[in-house]
Amino acid sequence: MKQALLHIYQGANPKHDGVGIYRDAKLIYKSMEGMGTEDNKLIWRVVRAHWDTNRFEAIKAAYFRRRKATLEHHVEKETSGSYQKLMLKLTKSGAGIKH
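First, a word on what this report is: a plain description of the structure on this page.

About the criteria used
- Residues numbered from 1 in each chain as written.
- Predicted model: local features only at pLDDT ≥ 70, side-chain atom pairs only at ≥ 80, totals over all residues.
- Heavy atoms only, no water.
- Helix = DSSP H or I, 4+ residues; strand = E, 2+ residues; numbered from the N terminus.
- Buried < 20%, exposed > 50% of the residue type's maximum accessible area, 1.4 Å probe, protein only.
- Salt bridge = Lys/Arg side-chain N within 4 Å of Asp/Glu carboxyl O.
- Axes fitted to C-alpha atoms, helices over the stretch in contact; angles between N-to-C directions.
- Parallel < 35°, antiparallel > 145°, perpendicular 65-115°, else oblique.
- Left-handed = near helix turned anticlockwise from the far one by under 90°.
- Contact = heavy atoms within 4.5 Å.
- Nonpolar A, V, L, I, M, F, W, Y, C, P; charged D, E, K, R; others polar.

All right, on to the environment of Ala-61 then. With respect to the helices and strands, the residue Ala-61 is situated in helix H4 (residues 53-67). By relative accessible area, Ala-61 is classed as partly exposed at 33%. Here the alpha-carbon distance between Ala-61 and Leu-71, two residues 10 residues apart in the chain, equals 8.7 Å.

Given below as structure tokens:
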């Protein structure tokens, strides 16, 4: 319960953006942080964010502001093979598309 409430608070915190974009960028980063990538979390978070192109572009911009590297660059470093190709397609798709 504590984790769920903290997750909601971090998404609504006006200190960052108030709509969870900063939180989503942070969670994507945390799935690749340290030794080994938490593949299930990375896949779930990228696919979930990918559905809303405008939001995903905002997440990628927040990721870059915070990490000084693109999400694509980090995904490329942390993955390999067919998995890498798929994740790079997802993270690069939708660039510049407006709804």
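And the narrative resumes.
This part is about the pattern of salt bridges. On inspection of all chains with the given rule, the structure shows 7 salt bridges. A salt bridge links Lys-41 to Glu-38, with the nearest nitrogen and oxygen atoms 3.0 Å apart. Residue Lys-41 is classed as partly exposed on the basis of its relative accessible area, which comes to 39%. Among the ionic contacts, a cluster of salt bridges with common partners joins Arg-23, Asp-24, Arg-48 and Arg-55.

Relative orientation of the contacting elements helix H2 (residues 21-32) and helix H5 (residues 71-78) amounts to 20°, with a least axis distance of 10 Å. Considering the angle they form, H2 stands roughly parallel to H5. Crossing angle aside, the handedness with which H2 passes H5 is left-handed. Along its contact with H2, which presents Ile-28, Tyr-29 and Met-32, the element H5 presents Leu-71, His-74, Val-75 and Glu-78. Class assignment of the residues belonging to the contact of H2 with H5 gives a composition of 5 nonpolar, 1 polar and 1 charged.

So, to be careful, I would describe these as geometric facts and stop short of saying anything about function.
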